[in-house]
Amino acid sequence: MKKKQTKRVLKLTLILASIASLFFVPWILVWAWILPLPDSLQEQANEALDHGFEGIIVYVDEAGKPPAFYAAGWHNREDKIPANPHALFKLASLSKLYTAVAITKLVADGRLSLDKTLADYLPELVGRIENTDAITLKMMVQHRSGIPNYTDTPNYWAAPKESNQENLELILDKPANYRPDQDYEYSNTNYLLLAEIMDKVLRYPHFQFIQEEILNRLQLKNTFASLDGVNIDDVMSGYHVGHPYDLKTDKQGMLASAEDVGIFLRALNDGSLFDAGEKDIYSSIYEYEHKGWVPGYQSIAKYHKDIDTVVIQFTNTTDPKLYNWNLADIIYSRIIKILKRKKDS
């Protein structure tokens, strides 16, 4: 009798636990995933608004076809200005691709060495950052340095810093997260330091090098180092759930149009961006696609070899729980499914 009662109690406990777990399922993500696939990319862009995004831009470059542009929602919600597929957008970590290309070109030219250390390039940081004599340039590019990520410091995004020095000070004298090259951990500090190293070696701002060696080469006129010198009306507004204000005036690095990013990504992947020997160097140190996130701005940039297509997606709404980060991935994957379905039909 006791055995039966125990089994009944266990069964009831399991049922109640299963019911309770349903309250923690992110149904907004499940719903976005199981919806029937729309017939067109524009319909998919429109659907993004139903998931809580204020605006979306999609750029599609299918080989052999003119590029296609899609937009839905707001460029500026307050002024009721519709989303503009040619708007400028904050790239966030997409900019790491440009940095990695610049590093590649400087290494190929002999002005940088992947094997030299942080201590070699920035000796003033010895004693302020652990393992400077063991952290190589290559480890920083690959996020294998063990240097703490300044954006992971408590409440960073509540009041983000604008200068490299202010950001760097957040992690100085902190213990390393692991021994160099013993693990992988994404750290924005790596790329802050790479920018500082390039500035020092070049003796001029590294973005000038990016401009001359990447942007001018590809005739990209809508990619910028920062908000300085940009017409703010050309920048898509950014919104963060729970934050009452438009975030577009916050200075958070590079900006570009989706088309400029798409042209860059195509040239990165097909190798036309590189001179002799550079593609092999790049392939040994970094990736060929990326995503980006800062408050108000999410971006995805990928080349899909199987359909020879570059797809760039910008969404201008973020949230504290990162549901929108995952929603953006789901929307992007559905866009790729629609493109593949059309290829097969």
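Since the model is a prediction, treat every value here as computed from it, not as a measurement.

### Side note on the sheet that holds strand β2 (residues 68-76)
Through backbone hydrogen bonds, the strands of a sheet pair up, either in parallel or in antiparallel fashion.
Piece 1. Pairing within the open sheet is antiparallel, and its 6 strands lie in the order β3-β2-β1-β10-β9-β8. Edge positions in the open sheet fall to β3 (81-82) and β8 (290-294), since each of these has one partner strand only.
Piece 2. Pairing between β2 and β3: 2 bridges, direction antiparallel. Within the sheet, the bridge partner assigned to Trp-74 lies in β3 and is Pro-82.
Piece 3. Helix-sheet contacts for helix α3 (residues 41-50) involve β1 (55-62) and β2, and the interaxial angle to β2 is about 20 degrees.
Piece 4. Docked against the sheet, helix α10 (residues 258-270) engages β1, β2, β9 (297-304) and β10 (309-315), running at close to 145 degrees with respect to β10.

### Overview of the pairing of β1
Piece 1. Counting buried residues in β1 gives 8 out of 8 residues, a clear majority hidden from the surface.
Piece 2. With burial as the criterion, each face of β1 is covered, one bearing Gly-55, Ile-57, Tyr-59 and Asp-61 and the other bearing Ile-56, Val-58, Val-60 and Glu-62.
Piece 3. Inspection of the sheet shows β1 paired to β2 by 6 bridges, in the antiparallel sense. Looking across to β2, one finds that Ile-56 is bridged to Ala-72.

### Topic: the pairing of β10
Piece 1. Within β10, 7 of the 7 residues are buried, leaving the element largely enclosed by the surrounding structure.
Piece 2. Because side chains alternate across β10, one face comprises the buried residues Thr-309, Val-311, Gln-313 and Thr-315, and the other comprises Val-310, Ile-312 and Phe-314, equally buried.
Piece 3. Of the pairings in the sheet, the one linking β1 to β10 comprises 7 bridges and is antiparallel in character. Opposite Asp-61, over in β10, you have Val-310 as the bridge partner.
Piece 4. Bridge count for β9 against β10 is 7 bridges, and the pairing is antiparallel. In the strand pairing of β10, Ile-300 is matched with Gln-313.
Piece 5. Hairpin remark: β9 followed by β10, antiparallel, with 4 residues in the connecting loop; positive phi at Asp-308, about 45 degrees.

### Quick look at the environment of Asn-177
Piece 1. Along the chain, the position of Asn-177 falls in the loop between α7 (164-169) and α8 (188-202).
Piece 2. Look at Asn-177 and you get partly exposed, because its relative accessible area is 41%.
Piece 3. For the pair formed by Asn-177 and Val-60, sequence separation is 117 residues and the distance between their alpha carbons is 39 Å.
Piece 4. There is a polar contact of 2.4 Å between the side chain of Asn-177 and the side chain of Glu-185.

### Looking at the side chain of Ser-257
Piece 1. Relative to the elements of secondary structure, Ser-257 occurs in the loop between β7 (255-256) and α10.
Piece 2. With sequence-adjacent residues up to four places away left out, Ser-257 is seen in contact with His-86, Ala-87, Leu-88, Asn-222 and Phe-314.

### Re the sheet that holds strand β5 (residues 223-224)
Piece 1. Pairing is antiparallel across the open sheet formed by 3 strands, whose spatial order is β4-β7-β5. Of all strands in the sheet, those with a lone pairing partner are β4 (89-90) and β5, marking the two edges.
Piece 2. Relative to β7, β5 runs antiparallel, the two sharing 2 bridges. Opposite Thr-223, over in β7, you have Ala-256 as the bridge partner.

Parameters and conventions
Residues numbered from 1 in each chain as written. Predicted model: local features only at pLDDT ≥ 70, side-chain atom pairs only at ≥ 80, totals over all residues. Heavy atoms only, no water. Pairing = 2+ DSSP bridges. Helix = DSSP H or I, 4+ residues; strand = E, 2+ residues; numbered from the N terminus. Contact = heavy atoms within 4.5 Å. Axes fitted to C-alpha atoms, helices over the stretch in contact; angles between N-to-C directions. Buried < 20%, exposed > 50% of the residue type's maximum accessible area, 1.4 Å probe, protein only. Polar contact = N/O pair within 3.5 Å; in protein donor to acceptor, adjacent residues only side chain to side chain.

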